[in-house]
Amino acid sequence: MVKSLYTGVSGLKTHQQRMDVIGNNIANVNTVGYKTDVVTFADVYYQTKRSPSAGTSTLGGVNPRQVGYGVKVSSVAANMTQSGYTQSDKTTDLALDGEGFFQLMDGAGNIVYTRAGNFFIDDDGYLVNADGYHVLGVTGESQNVSASSDIIRITAPATNANRSSATKKVNGTNVTLTVDAPSEYTNMTVSFQHAEYPYSTYANNILTLFINTDQQYNSQEEFDLAIQKALQTGGVTLPDDVELSLTFDEIPNDYLAAAGSNDVQDIIFSTTDSTARYHYSETAGGKEMHAYMDFSVNVNSTSDKVKLAYDNTMTQSATANYADGLWTITVRQDTTAADINQAIKTFMTDNPDIDVNELKCTGYTIPSGLDKAAVLTAFANGTVPADAENAFVECNSTSSTVGNYNAEASLLGVKQGAGITGAFDLKVQEEGEFSKNYKITFAYKTGYGATSAVWDENNLTINICPDSTVYDVNQAIKDAANGNDKKIIKFNNINGLAYGYGPNGKATTSVAVDDQGNTVTTVTTEYNAGYYTVSVNGGAAVWYDKNGREIAGDPGNQRDEKVGDTNIWNVGVRNKFFGGNPAVTPEGGKDSFFTKTAKSLSTFNLQDGRLGSEQPLKSITDLIIQNDGTIIGYHAVHGYMTLGRVDIALFDNPNGLAKVGGTNFKETVASGQPRVCIAGQDGAGLVLSGSLEMSNVDLADEFTNMISTQRGYQANSRVVTVSDTMLEELLSLKR
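Computed from a prediction, not measured in an experiment: that's the story for all the values here. All residue numbers here refer to positions counted from 1 along the written sequence of the relevant chain. Only residues with pLDDT of at least 70 are given local features in this predicted model, and only at 80 or more are side-chain atom pairs given and counted; all residues enter the totals for whole chains, interfaces and linings. Neither water nor hydrogens contribute to the side-chain values; these are computed over all heavy atoms in the structure.

A few points about the sheet that holds strand S49 (residues 686-689)
Note the threshold: Any two strands are treated as partners once DSSP identifies two or more bridges connecting them. Under the DSSP-based scheme used, a helix requires at least four consecutive residues in state H or I and a strand at least two consecutive residues in state E, with every element numbered from the N terminus.
Taken together, the 3 strands give an open sheet; going across it, the order is S9-S6-S49, and neighbouring strands pair in antiparallel fashion. Across the chains shown, the open sheet's two edge strands, defined by having one partner strand only, are strand S9 (117-118) and S49. In the sheet, strand S6 (residues 93-97) pairs with S9 via 2 bridges, with the strands oriented antiparallel. Note that in S9 the partner of Leu94 across the bridge is Gly117.

Here you go:
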């Protein structure tokens, strides 16, 4: 009877201990690096009332009969699972992503281990925790140094009093200007200025270097040479044999200058107009004259066509008819654009059931020098274009003799969707120097033969007209450059324009007299119906395709090769696109890294860098701690330095560690000895700077455990109460 009392008491004691652990876990729910303790129970011992026996020939086997007498705490073990992180702006706040512990040394020289990385640097440069324990690892240069358990101290090496330097962030990297001298005479200010020709001046401790920042510098040697040349040209002799040197913390892989070339795509505009043009040109009296008639429909991607008819005997000024996607417009010599538009409106009013977009005549010009009857007859005659998708409708002639004409003009101003995409493939001749700074803007001019270009500093404006070709544009740019190679830009393609004919692309014969008075005859003849050859006084032949592009060698019988452009925009599309002033910049062109740096250099105050002897901790800036624990800092004189490394301890059985308070653990015989590793190697986790590992206490689990512990304690108390009642009944038997 009494034994059950002690059994209940053992249950009360163990559940009380479990409640103590739960309370401690909840108390540390916000403790950095805290690891939850988990309690497990075990039964104590048993009294055997009957021993087990094996079966016989007459009886079966008998099981043992045992009575248990209580419970005990089997283990209280830390849950070493990794928790989440909280971010901070403090570089020396560290967390571990993976296995391992930070090493700390207390005042007595004992090493403890922790996951709580809330560290800071004290006035003496030691990396410590909140209790003043030293963080362990490697001090100073750590490359090729094995993992260690030494105290980390961050210091700046002593400087040379005869050396002065200053550093500035230029072109995305730190540029350090250093002055060395046999004496301490390094106090000066160095200023960089632009000049076309190098020279220098020196007065009142101020050195001014003038270098050409328009020149390309493709190596540090070229850059240093420019500085030395400026000193020599200026005749400057620095006192005490002072020497200057520039260093760069980081030089990119693509530091060389690149030519300004670019394939610009996806310059898109949308127009509600589908347009077409009838065009007639005639050269008479040495003057080229153009007649044209424009039509437009205020709807995208209209595939209708318009056919012109000429009847000078009809009584009406103009008539219009529409059937099966074809507008037929009949005109006479005195017809105007207003007459055509009125005829179209009359037709649409008289035929309300026809579903058609209203056509408009938006332009109608016949110069006075042309025969109207011949022009209108040319517009009315001819055949349907072989390529019905071709929106550039040309009814033209190169002489007074009428040539071939397109009788039906397609109104397909926008072929697909609601927009036209422009593309420009160009190259800047001069590499690097100005190419990235060019801005090329297009504009539209209505007159034929009006292709032109004009430079305004580094801004180029190109005027496109109805008959502009890529060749015309390149020739206009060349003329505008006026011999300046820096402003020679060549377009390999301009979307919507034919490549065009060069001076040798037409069947011509020219006679000229050279500087020595010799007569030079140039003959251009057609070859294989698609190629042209040029011979000058019987010299070697030069071959061109029908678009004026030179061909390497005799093209032979390649008569089936496709040449020229197939997507040539009509006048309306050109006007919409180029009239919107699209602009391109040859982004592929750029200055070299060193040229950009030269353009950005300003003034270095070197007296700020001459510090001399031992350096204070505050002279180190830009402190960073890498994932492998390496500590890096920047010093005005020494530049970036490796200041140390935080190393990590691993245990074969981390659950065997003993807690010693302060979220610290100590080594035990159960944990085994530590293996010190570099972070990220040999199974050690990575160091995360600016982060802290949070407590891994799960409140939901703790509250659940609290409830079960409370009920267990309550049940064991009932065992004690009932046992007492039974004992009381036993004692009352004597009465």
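A short note on the side chain of Asn664
Short version of the rule: Between two residues, a contact is recorded if the distance between any of their heavy atoms is within 4.5 Å.
With respect to the helices and strands, Asn664 occurs in strand S47 (residues 664-666). Asn664 has contacts with Leu104, Val112, Tyr113, Thr114, Tyr133, Ala658 and Lys659, leaving out every residue within four places of it along the chain.

Overview of the packing of aromatic side chains
Going by this rule: Each Phe, Tyr or Trp ring, with Trp reduced to its six-membered ring, pairs with another whose centre is within 6.5 Å; inter-plane angles below 30 degrees give stacked pairs, above 60 give edge-to-face pairs, and intermediate values give tilted ones. For every residue, the accessible area (1.4 Å probe, protein chains only) is compared with the maximum for its type, and the residue is labelled buried under 20%, exposed over 50%, or partly exposed between those bounds.
All chains considered together, the criterion is met by 19 aromatic pairs. Taking the centre distance of 5.9 Å and the plane angle of 65° together, the rings of Phe442 and Phe491 count as edge-to-face. Of the two residues, Phe442 sits in strand S30 (residues 439-444) while Phe491 sits in strand S33 (residues 489-494), which places them 49 residues apart along the sequence. We classify Phe442 as buried; its relative accessible area is 0%.

Considering the nonpolar core
Operational definition: For this analysis, a nonpolar core means a set of buried residues of the types Ala, Val, Leu, Ile, Met, Phe, Trp, Tyr and Cys, connected via side-chain atoms within 4.5 Å.
The biggest cluster of nonpolar side chains holds 30 residues, and the ones touching the most others in it are Val190, Phe192, Leu207, Leu209, Phe223 and Leu244. Mapped onto this core, the elements with two or more residues apiece are strand S15 (163-170), strand S16 (173-180), strand S17 (189-194), strand S19 (206-211), helix H2 (220-234), strand S20 (243-248) and helix H7 (593-600). With 5 residues, H2 is the largest single contributor of residues to this core. Leave out the neighbours within four places in its chain, and Leu207 touches Met188, Thr189, Val190, Ser191, Thr201, Tyr202, Leu231, Val236, Leu238 and Leu244.

Remarks on unusual backbone geometry
With a phi close to 65°, Asn144 is a non-glycine residue in the positive phi region. By the secondary structure assignment, Asn144 is in the loop between strand S12 (134-139) and strand S13 (150-151). Phi angles above zero are rare outside glycine, and Asn204 is one such case at about 55°.

As for the pairing of strand S44 (residues 639-646)
Among the 8 residues of S44, 6 are classified as buried, and the element is accordingly described as predominantly covered. Bridge count for S12 against S44 is 3 bridges, and the pairing is antiparallel. Bridge pairing in S44 places Gly137 opposite Val646. Sheet topology places strand S43 (residues 630-635) next to S44; 6 bridges connect them, and they run antiparallel. If you follow Tyr634 over to S44, its bridge partner there is Tyr640.

Things to note about the environment of Tyr713
Tracing the backbone through its elements, the reader meets Tyr713 in helix H8 (residues 699-731). Exposure remark for Tyr713: the relative accessible area of 36% places this residue in the partly exposed category. As a C-alpha pair, Tyr713 and Thr14 span 699 residues in sequence and 8.6 Å in three-dimensional space. If near-sequence neighbours (up to four positions away) are discounted, Tyr713 is found in contact with Leu12, His15 and Gln16.

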